[in-house]
Amino acid sequence: MLSGRPLERVSGTQSVGIRLDEESLTLRSRVTDLLCSWAGLVVSERRLTAAVGTEVPALLHFLSGQVRWLAEHPAAQDLDAELSALLDSSRARRDPQSYEVSLGVCCHPGCTAGLRATLSGTGRTVYSRVACDAGHTVPPREWLLLSGRARTASDTGRSGGAA
């Protein structure tokens with residue numbers, strides 16, 4: 001209560017603040033867990049007393065000083081496989097898959113450049129665009145007007161494939 005009046009509750013508003021990408025956070029957590037695990041192995045088996053910390057840069061700095069020992073360790077192939085899997089996951093997040101469909105000739109007056117619909121992204125992050133090779137774009141509100149073009153272009157064998 002403020003000044004003797006009850007506060008009104010407002011609902012239905014958009015959330016304010018930082019939007020976090022759950023898949024990226026999960027990947028970062030997997031990286032941190034892996035590095036902590038291997039740093040723990042080094043500290044334990046080499047009987048080191050140095051505090052490594054749990055921040056990725058500190059872990060990488062520590063482990064880079066242990067590369068020779070890690071390379072000779074019986075589990076070195078496991079480390080390589082685990083790091084490779086994380087790198088693949090990271091690349092997949094960075095390099096989205098892309099799919100293109102030719103829509104024939106641009107719909108802007110006087111333009112004869114090829115028009116394409118592009119869908120790209122990974123997971124829940126998707127990017128869509130309709131544009132021609134000359135740089136003209138078609139806003140989403142007009143995409144339905146182009147719907148017959150995709151069928152026509154694919155029927156004549158002019159549709160694009162995965163990029």
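Residues numbered from 1 in each chain as written. Predicted model: local features only at pLDDT ≥ 70, side-chain atom pairs only at ≥ 80, totals over all residues. Heavy atoms only, no water.

Quick word on the overall build of the chain
Here is the rule: Think of it this way: any DSSP run of H or I at least four residues long counts as a helix, any run of E at least two long counts as a strand, and we number them from the N terminus. Relative accessibility decides the category of a residue: with a 1.4 Å probe and only protein chains considered, values under 20% of the type maximum give buried, values over 50% give exposed, and everything between is partly exposed. Any two residues whose heavy atoms approach within 4.5 Å at even a single point are treated as in contact. Method for areas: the Shrake-Rupley scheme with a 1.4 Å probe, in which residue coverage is limited to the protein chains shown.
Counting secondary structure elements, the chain contains 5 helices and 3 strands. Counting from the amino terminus, the chain carries its helices and strands in the arrangement α-α-α-α-β-β-β-α. Residues classed as buried in the chain amount to 22% of the 163 residues present. The contacts of the chain with a sequence gap of at least 6 include a subset with a gap of at least 24, amounting to 46%. Total accessible area on the chain stands at roughly 12200 Å², and carbon and sulfur atoms take up 54% of it.

Details of the nonpolar core
Test applied: By convention a nonpolar core is built from buried Ala, Val, Leu, Ile, Met, Phe, Trp, Tyr and Cys residues, the set being connected through side-chain atoms within 4.5 Å.
In terms of nonpolar packing, the biggest core is built from 15 residues, with Trp38, Ala39, Phe62, Leu63 and Leu70 touching the most fellow members. If you list the elements that add at least two residues to this core, you get helix H1 (22-45), helix H2 (56-64) and helix H4 (76-94). Judged by nonpolar contacts, the second largest core, of 10 residues, contains Leu103, Cys111, Ala113 and Val130.

What about H2?
Structurally, the α-helix is built with 3.6 residues per turn, so residues lying three or four positions apart point the same way. This is how it is decided: As used here, the arc belongs to the directions running from the helix axis to the C-beta atoms.
For H2, every residue scored as buried is listed here: Val56, Leu59, Phe62 and Leu63. The arc enclosing the buried residues of H2, seen along the axis, measures out at 130°, which places them on a common side. For H2, the exposed residues lying more than 90 degrees away from the buried face are Pro57 and His61. Buried residues in H2 make contact with H1 and helix H3 (67-72).

Brief notes about unusual backbone geometry
A positive phi angle, near 55°, is found at Arg47, a position not held by glycine. In this fold, Arg47 is placed in the loop between H1 and H2.

Structural notes on the environment of Ser24
Along the chain, Ser24 falls in helix H1. Look at Ser24 and you get partly exposed, because its relative accessible area is 34%. Along the backbone, Ser24 and Ser90 are 66 residues apart, and their C-alpha atoms lie at a distance of 8.6 Å.

Observations regarding the packing of H1 against H2
Between two packed helices, the angle of one axis relative to the other and the distance separating the axes together describe the packing. Defined as follows: Here, axes are lines fitted to C-alpha atoms. For helices the fit covers the stretch in contact, and angles between N-to-C directions go from 0 to 180 degrees. Here roughly perpendicular refers to angles of 65 to 115 degrees, roughly parallel to angles under 35, roughly antiparallel to angles over 145, and oblique to all remaining angles. Here a crossing is called left-handed whenever its near helix is offset anticlockwise from the far helix by less than a right angle, and right-handed whenever the offset is clockwise. Three classes are used, and their members are as follows: Ala, Val, Leu, Ile, Met, Phe, Trp, Tyr, Cys and Pro are nonpolar, Asp, Glu, Lys and Arg are charged, and the others, Gly among them, are polar.
Between H1 and H2, the shortest axis-to-axis distance is 10 Å and the interhelical angle comes to 40°. As summarised for this structure, H1 and H2 are arranged oblique, according to the angle between their axes. In this structure, H1 crosses over H2, and the sense of that crossing is left-handed. Contact with H1, carried on its side by Arg28, Val31, Thr32, Leu35, Cys36, Trp38, Ala39, Val42 and Val43, involves Val56, Leu59, Leu60, Phe62 and Leu63 of H2 and no other residues of that element. Of the residues assigned to the contact of H1 with H2, the class counts are 12 nonpolar, 1 polar and 1 charged.

Things to note about the environment of Pro140
Mapped onto the elements of the fold, Pro140 is located in the loop between strand S3 (125-132) and helix H5 (147-155). Between the C-alpha atoms of Pro140 and Arg129, which are 11 residues apart in sequence, the distance is 7.9 Å.

Some thoughts on H1
Put simply, the rule is: Expected span of a helix: the number of residues minus one, times 1.5 Å.
The terminal C-alpha atoms of H1, which comprises 24 residues, lie 34 Å apart, in line with the 34 Å expected from a rise of 1.5 Å per residue. Buried within H1 we find Leu27, Thr32, Leu34, Leu35, Trp38, Ala39 and Val42.

Details of the pattern of salt bridges
Filter applied, for reference: Take a side-chain nitrogen of Lys or Arg and a carboxyl oxygen of Asp or Glu: if they are within 4 Å of each other, that pair is a salt bridge.
The final tally for this structure, using the stated rule, is 2 salt bridges. For Glu100, the salt bridge is made with Arg116, and the minimal N-O distance between the two is 3.1 Å. Within this pair, whereas Glu100 is found in strand S1 (residues 97-105), its partner Arg116 is found in strand S2 (residues 114-122), the two being separated by 16 residues in sequence. The exposure class of Glu100 is partly exposed, given its relative accessible area of 24%. We note a salt bridge from Asp133 to Arg116, for which the minimum N-O separation is 3.1 Å. One end of the pair, Asp133, is in the loop between S3 and H5; the other, Arg116, is in strand S2, with 17 residues separating them in the sequence. When its relative accessible area of 54% is taken as the criterion, Asp133 is described as exposed.

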